[in-house]
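Here is what each chain is made of, one letter per residue.
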Amino acid sequence: MEIKRSSVFLSLKGGVLDIVDQSGVLASINIPAGRVAALDYFDLIPDGAWLKVVSGLAVLEPRLGYGVQKYGEGSHDTGANPDYAPTSASRMENQMRLTLANMQASTARLEARERALASIERIPTAPPQDAVIEAAGDV
């Protein structure tokens, strides 16, 4: 298996990885135990060289984010009844649900307005005066 930048090394006790080119082994690297990303070791490789597992390591490719599976003929047929037609009860139920949702939304808006109105500070008004103002000519 080719070791890529996205590969992951797995080992229980650690392992050995060689940097190899056409002339032979250039260097050996000890890999610690556990899950180690191969990306960390690609900076050590000179041009024209590659990594080779010597012992104690398993190389895994990460899972793809998506998968494609081919299905056979007629796999997308729903099996639904082609003669089905919704009844008037279904239509009326949908209308009732819509009406209830609208009523709940308007109730929520009214309650929000009440709360906002209650939070407004009121300016006190002076009490009405009981004194009668007499006209100048009625004495």
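Definitions and cut-offs
Residues numbered from 1 in each chain as written. Predicted model: local features only at pLDDT ≥ 70, side-chain atom pairs only at ≥ 80, totals over all residues. Heavy atoms only, no water. Helix = DSSP H or I, 4+ residues; strand = E, 2+ residues; numbered from the N terminus. Buried < 20%, exposed > 50% of the residue type's maximum accessible area, 1.4 Å probe, protein only. Contact = heavy atoms within 4.5 Å. Areas by Shrake-Rupley, 256 points an atom, 1.4 Å probe, with all protein chains shown as cover. Phe/Tyr/Trp six-rings, centres within 6.5 Å; stacked < 30°, edge-to-face > 60°. Polar contact = N/O pair within 3.5 Å; in protein donor to acceptor, adjacent residues only side chain to side chain.

**Q** Please set out the overall build of the chain residue by residue, giving values where relevant.
**A** The secondary structure content of the chain amounts to two helices and six strands. If you list the helices and strands of the chain from N to C, you get β-β-β-β-α-β-β-α. When burial is assessed residue by residue, the chain has 16% of its 139 residues classed as buried. At a minimum sequence separation of 6, the contacts of the chain that also span at least 24 residues come to 66%. With the model as given, the accessible surface of the chain reaches about 12200 Å², and the carbon-plus-sulfur share is 55%.

**Q** Can you break down the packing of aromatic side chains residue by residue, with the values?
**A** Counting across every chain of the model gives one aromatic pair. For the ring pair Phe9 and Tyr41, a centre distance of 6.3 Å and an interplane angle of 55° mean the geometry is tilted. Residue Phe9 is found in strand β1 (residues 8-11), and its partner Tyr41 is found in helix α1 (residues 39-42); the two are separated by 32 residues along the sequence. Each member of the pair, Phe9 together with Tyr41, is buried.

**Q** Residues and numbers for the side chain of Ser11, please.
**A** Residue placement: Ser11 occurs in strand β1. Separated by 3.5 Å, the side chain of Ser11 and the backbone oxygen of Pro32 make a polar contact. With residues near it in sequence (within four places) discarded, Ser11 still touches Pro32, Ala33, Gly34, Gly56 and Leu57.

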